[in-house]
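Each chain, letter by letter, is given below.
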Amino acid sequence: MAEPPAIIDSFRSALKNRDIQGFRSLIAPDGLVLVRSYNRHDQGRGADVLFSIATLPANFQVPVANDFPFDLQYLFGWTIRSKSLVSLSASFSSDALAERSVPAVRHFARQIVDRANQANLSFVPTVVRLADDWVILSEASSKQGLLSGALAVFQKNGPEYRLKMVVDLR
């Protein structure tokens, strides 16, 4: 399997070293989409959210009204601490990411997490390459049909990848 693109190392390094300027340089020119999808809405766990930001606060935490912030250092804690990453490839479509809806992103996330689970990589930081210029860093799992963890979605923009979306699965 090919080495992960350089952006994955840059992403890890920026989070680990709290390099906010370096991290901000990784974000796609049109901003970063943040998605939070809860497994069970009937237990008062919060509402799904999807919004865009142009820049990231210096503490790597994006506030969410009446809910936990998107805390990138928390969401990707295993990635920050891991010594190596696993690489996989997949051939399904990334069209769901263009829809910009929580159900579409959740469906896409399920495909990524299921692919990692097939390789026994539950919660193991895994880089999944899609054929159509997308790379996903998964730190997630699916147990009993419930998704949990996080995904960072990178899209090729010219010769390099940029961080396009962060998905928080709860």
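Residues numbered from 1 in each chain as written. Predicted model: local features only at pLDDT ≥ 70, side-chain atom pairs only at ≥ 80, totals over all residues. Heavy atoms only, no water.

Caption draft 1: Fine view of unusual backbone geometry. Within the chain, Arg18 stands out as a residue other than glycine whose phi angle is a positive 55°. Checked against the element boundaries, Arg18 lands in the loop between α1 (6–16) and α2 (20–24). Of the residues examined, Arg18 reaches a relative accessible area of 57% and is grouped as exposed. Its identity as a non-glycine residue notwithstanding, Asn66 has a phi of 55°, on the positive side. Taking the relative accessible area as the measure of exposure, Asn66 reaches 85% and is therefore exposed. (Helix = DSSP H or I, 4+ residues; strand = E, 2+ residues; numbered from the N terminus. Buried < 20%, exposed > 50% of the residue type's maximum accessible area, 1.4 Å probe, protein only.)

Caption draft 2: Expanded view of the packing of aromatic side chains. This model, assessed by the stated rule, comprises 5 aromatic pairs. Seen in terms of ring centroids, Phe11 and Phe76 are 5.2 Å apart; in terms of plane orientation they differ by 85°. Their pairing is edge-to-face. One end of the pair, Phe11, is in helix α1; the other, Phe76, is in the loop between α3 (72–75) and α4 (77–81), and 65 residues separate them in sequence. Note on Phe11: relative accessible area 0%, which makes it buried. Measuring from ring centre to ring centre gives 5.5 Å for Phe23 and Phe60, while their planes differ by 85°; the resulting arrangement is edge-to-face. Of this pair, Phe23 sits in helix α2 while Phe60 is found in the loop between β2 (49–53) and β3 (61–64), placing the two residues 37 residues apart along the sequence. Considered together, Phe23 and Phe60 belong to a single accessibility category, that of buried residues. Through a chain of ring-to-ring contacts, the aromatic side chains of Phe11, Phe23, Phe60, Phe76 and Phe154 assemble into a single cluster. Sitting over the face of the ring of Phe70, Arg36 holds its NZ or CZ atom 4.4 Å from the ring centroid. (Phe/Tyr/Trp six-rings, centres within 6.5 Å; stacked < 30°, edge-to-face > 60°. Lys NZ or Arg CZ within 6 Å of the ring centre and 35° of its normal.)

Caption draft 3: Expanded view of the pairing of strand β6 (residues 126–130). Burial analysis of β6 places 4 of its 5 residues in the buried class, the great majority of the element. As paired strands, strand β5 (residues 86–90) and β6 are joined by 5 bridges and run parallel to one another. Looking at the pairing, Ala90 lines up with Leu130 of β6. Both β6 and strand β7 (residues 134–143) contribute to a ladder of 5 bridges, which runs antiparallel. (Pairing = 2+ DSSP bridges.)

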